[in-house]
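# Coordinate analysis (summary)
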Amino acid sequence: MAWKRKDLLSLQELDAAEITEVLDASESMREIATREIKKVPTLRGKTVVNLFYEASTRTRTSFEIAGKWLSADVINFSSSGSSAEKGESLLDTAKNIEAMSPDVVVVRHKASGAPALLARHLACAVVNAGDGAHEHPTQGLLDLLTIRQKKGHLDGLNVTIVGDVAHSRVARSDIHGMRKMGMTVTVAGPPTLIPPACQELGVKVSHRLEEAIAHADVIMMLRLQHERMEGGLIPSLREYSRVWGLSLAKLQPCRPDVLIMHPGPVNRGVELAPEVADSRYSVILNQVANGVAVRMAVLFLLTGSKAA
Amino acid sequence: MTYREKAQVLDEAALDRALTRIAHEIVEQAGGVEHLALVGIKTRGVTLAHRIAEKIAAIEGAKPVVGALDITLYRDDLALKAEQPIVRGTEIGFPLKGRTVVLVDDVLFTGRTIRAAMDALMDLGRPLAIRLAVLVDRGHRELPIRPDYIGKNLPTSRREAVAVMLKEHDGIDRVVIQEPTEA
């Protein structure tokens, strides 16, 4: 199995063997984080541009650390205080950056499909770091890596994704990745936040939290965006939290080895009770640590080979 | 490119004798196993390192520590490869400081792998000394690197390939020279 892609735009386009290849490479990258000298010369002389049109701390930092540990030069470009504010189009900005010969452009954008547009126009590798409500493939990969580490395998596991599935690019990447790896996925949330046709992705739908998590090996809690309430999709934060928030009491009847995951940033007291976020079930910080390893693997796979 | 076998260089018994001799030479020079470490270069170098460690244990009554080094992230030819090589991970569960590290690999050719392995080791610590043991030295060095312990010196042409087969991976112990099938 050899990596052939120029870009990483979604998990929908990857097959199980490709996902496994990224996870295996990530596993090797984790060792570097344990070293005293956290640097290998692999991407020396390569340039990675972080092109972030949306606020992000975790993902941008994670890509930056990943690039630096591999010895790449990492340049951060954020839309605020830049030419984007002066009205330059996405493509014009990207073409200008390309003129400076980067090897990888990591892009986050509020518009679904923006990374795919760039990938078509740029000769360098493009990594989707989250586009609108479409996908966030490296998050999906780090979730799979975390589950595989904790459970030893992926196939046959039951995963329940709880919350605002409709607006979540994380959920979409997770669902595609998990289905390809042979996992059973249930989505649960108020009907206003569950996309109407999501059964077509091969997932089960539940509108009762207790029922949805009863047999889960993994519970993935999604962040509730406060804007959803203003949009009238949920009555109030308090009611959402009471019905869909995860508390220790609701976890009681669940499997004793259940994993609680969250893509961050956590709304403590809304979707996750603080005592759950800090409990032994929670692998939220493992997810963050694995994020660096996954992004190292992705940068490595996209920059190394000449294949085109 | 496909290859066909040209000649067998080592059979099972000869391969075993070569490793036994290397084990004796390592012990003789190191004067004991206490500050000795064998580090195999993945994949077959690791297997050879374990075999040599067993032989040293039989001679000395104590086994040196063994580690595994993956040099993929240190290669200088990543951009030249048509396919991205697989990263297999480094496993060295002991401090290198103050130890004599014997790098173990199956075939020594251009020396670039060993250059990468030395860089990788240096990132993990500061060994007292690094030495090199190879089962086959086939010549054609491109860097000023020379092995300390050699199983077999094997003059080859550049277009030939040397295949080391080990029971753990290939079900049989033997070393063969291969030549390209097309002229």
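Scoring rules and cut-offs
Residues numbered from 1 in each chain as written. Chains lettered and ligands numbered in written order. Predicted model: local features only at pLDDT ≥ 70, side-chain atom pairs only at ≥ 80, totals over all residues. Helix = DSSP H or I, 4+ residues; strand = E, 2+ residues; numbered from the N terminus. Rg over C-alpha atoms; globule rule 2.2 N^0.38 Å. Buried ≥ 20, exposed ≤ 12 C-beta atoms within 10 Å, placed from the backbone. Contact = placed C-beta atoms within 7 Å. Domains from an automatic or database assignment. Core = buried A, V, L, I, M, F, W, Y, C linked by C-beta atoms within 7 Å. Pairing = 2+ DSSP bridges. Axes fitted to C-alpha atoms, helices over the stretch in contact; angles between N-to-C directions. Parallel < 35°, antiparallel > 145°, perpendicular 65-115°, else oblique. Left-handed = near helix turned anticlockwise from the far one by under 90°. Nonpolar A, V, L, I, M, F, W, Y, C, P; charged D, E, K, R; others polar.

### Here we look at the overall build of chain A
In terms of helices and strands, chain A carries 12 helices and 9 strands. Taken over the C-alpha trace, chain A has a radius of gyration of 19 Å; the compact-globule value for 308 residues is 19 Å, and the two agree within 12%. Summarising its shape, the C-alpha atoms of chain A cover approximately 55 × 45 × 35 Å along the three principal directions. Relative to its full complement of 308 residues, chain A shows a buried share of 47%.

### A closer look at the overall build of chain B
Counting its regular elements, chain B contains 4 helices and 8 strands. When the helices and strands of chain B are listed from N to C terminus, the series reads β-α-β-α-β-β-α-β-β-β-α-β. For a compact globule of 183 residues, the expected C-alpha radius of gyration is about 16 Å, and chain B comes in at 16 Å, within 12% of that figure. Along the first, second and third principal axes, the C-alpha atoms of chain B reach 50 × 40 × 30 Å. Each of the 183 residues in chain B was classed as buried or not, and the buried ones make up 41%. Contacts spanning at least 24 positions in sequence make up 71% of the contacts within chain B whose residues lie at least 6 apart.

### Observations regarding the domain arrangement of chain A
All names here are of chain A. The domain architecture assigned to chain A consists of domain 1 (16–134 + 289–304) and domain 2 (137–287). With centres defined by C-alpha atoms, the gap from domain 1 to domain 2 works out at 26 Å. Contact residues are listed per partner, giving 19 residues for domain 1 and 19 residues for domain 2. Counting only elements with at least two residues in the side of domain 1 that touches domain 2, the list comes to helix H1 (16–33), strand S4 (125–131) and helix H12 (284–304). The biggest single contributor to the side of domain 1 that touches domain 2 is H12, with 6 residues.

### So, the nonpolar core
One broad rule of soluble globular proteins: the nonpolar side chains tend to lie buried together. Counting 144 residues, the largest nonpolar core has Leu299(A) and Ile52(B) as the members making the most contacts within it. Element by element, the count of residues in this core is highest for H12(A), at 10 residues. When residues of this core are assigned to domains, at least three fall in each of domain 1 (16–134 + 289–304) and domain 2 (137–287) of chain A. Residue contacts for Ile52(B): discarding those within four places in its chain leaves Leu19(B), Ile22(B), Ala23(B), Leu38(B), Val104(B) and Ala133(B).

### Observations concerning the sheet that holds strand S7 (residues 161–165) of chain B
Residues and elements named next belong to chain B. With respect to topology, 3 strands assemble into an open sheet ordered S1-S8-S7, the strand pairing being antiparallel. The open sheet has two free edges, formed respectively by strand S1 (3–10) and S7, since each of these has just one partner strand. The mean angle between the axes of side-by-side strands here comes to 30°, regardless of whether they run parallel or antiparallel. Of the strand pairs in this sheet, S7 and strand S8 (residues 174–180) are connected by 5 bridges, and their pairing is antiparallel. Among the inter-strand pairings, Met-165 is bridged to a residue of S8, identified as Arg-174.

### Some remarks on unusual backbone geometry
Note the cis peptide between Gly264(A) and Pro265(A), where omega equals -10°. That bond from Lys42(B) to Thr43(B) is cis: its omega, 5°, falls within 30 degrees of zero. The topology assignment puts Thr43(B) in the loop between strand S2 (36–41) and helix H2 (44–60). With a phi angle near 60°, Ser101(A) is a residue other than glycine that sits in the positive phi range. By the secondary structure assignment, Ser101(A) is in the loop between helix H3 (90–98) and strand S3 (104–109). Judged by local crowding, Ser101(A) falls into the exposed class, with 9 C-beta atoms found within 10 Å. Here His140(B), not a glycine, exhibits a phi torsion of approximately 65°, which is positive. Its place among the elements puts His140(B) in the loop between strand S5 (129–137) and strand S6 (149–153).

### Concerning the packing of helix H5 (residues 137–151) of chain A against helix H6 (residues 169–180) of chain A
All names here are of chain A. Look at H5 against H6: their axes get within 8 Å of each other, and the N-to-C directions meet at 55°. As the angle between them shows, H5 and H6 are arranged oblique. Handedness of the crossing formed by H5 with H6: right-handed. Contacts from Pro-137, Gln-139, Gly-140, Leu-141, Asp-143 and Leu-144 in H5 reach Val-170, Ser-173, Asp-174, His-176 and Gly-177 in H6. The residue inventory of the contact of H5 with H6, partitioned by class, reads 4 nonpolar, 5 polar and 2 charged.

### Here we look at the sheet that holds S5(B)
Whether parallel or antiparallel, the strands of a sheet pair through hydrogen bonds between backbone atoms. Residues and elements named next belong to chain B. Pairing within the open sheet is parallel, and its 5 strands lie in the order S3-S2-S4-S5-S6. Single-partner strands in this sheet number two, and they are strand S3 (65–69) and S6. Here the strands of the sheet are splayed against their neighbours by 25° on average, with no regard to which way each runs. Bridge count for strand S4 (residues 100–108) against S5 is 8 bridges, and the pairing is parallel. Looking at the pairing, Thr-100 lines up with Ala-129 of S5. Sitting on the sheet, helix H1 (residues 12–30) touches S2, S4, S5 and S6, and the angle it makes with S6 is about 155°. Along the sheet, helix H3 (residues 112–124) makes contact with S2, S3, S4 and S5, crossing S4 at roughly 155°.

### Some points on the packing of helix H2 (residues 58–69) of chain A against H12(A)
Residues and elements named next belong to chain A. Contact pair H2 / H12: the axes reach a minimum separation of 8 Å and the direction vectors enclose 55°. It follows that H2 is oblique to H12 by the angle criterion. Crossing handedness for the pair H2 and H12: right-handed. Residue-level inspection shows Arg-58, Ser-62, Phe-63, Ile-65, Ala-66, Gly-67 and Trp-69 of H2 in contact with H12, the latter providing Val-288, Gly-291, Val-292, Arg-295, Met-296 and Leu-299.

### Observations concerning the environment of Tyr281(A)
Residue and element names in this part refer to chain A. In this structure, Tyr-281 sits in the loop between helix H11 (274–277) and H12. Remark: the alpha-carbon pair of Tyr-281 and Leu-251, spanning 30 residues in sequence, is separated by 9.7 Å. Once residues within four sequence positions are removed from consideration, Tyr-281 is found in contact with Leu-251, Val-258, Leu-259 and Ile-260.

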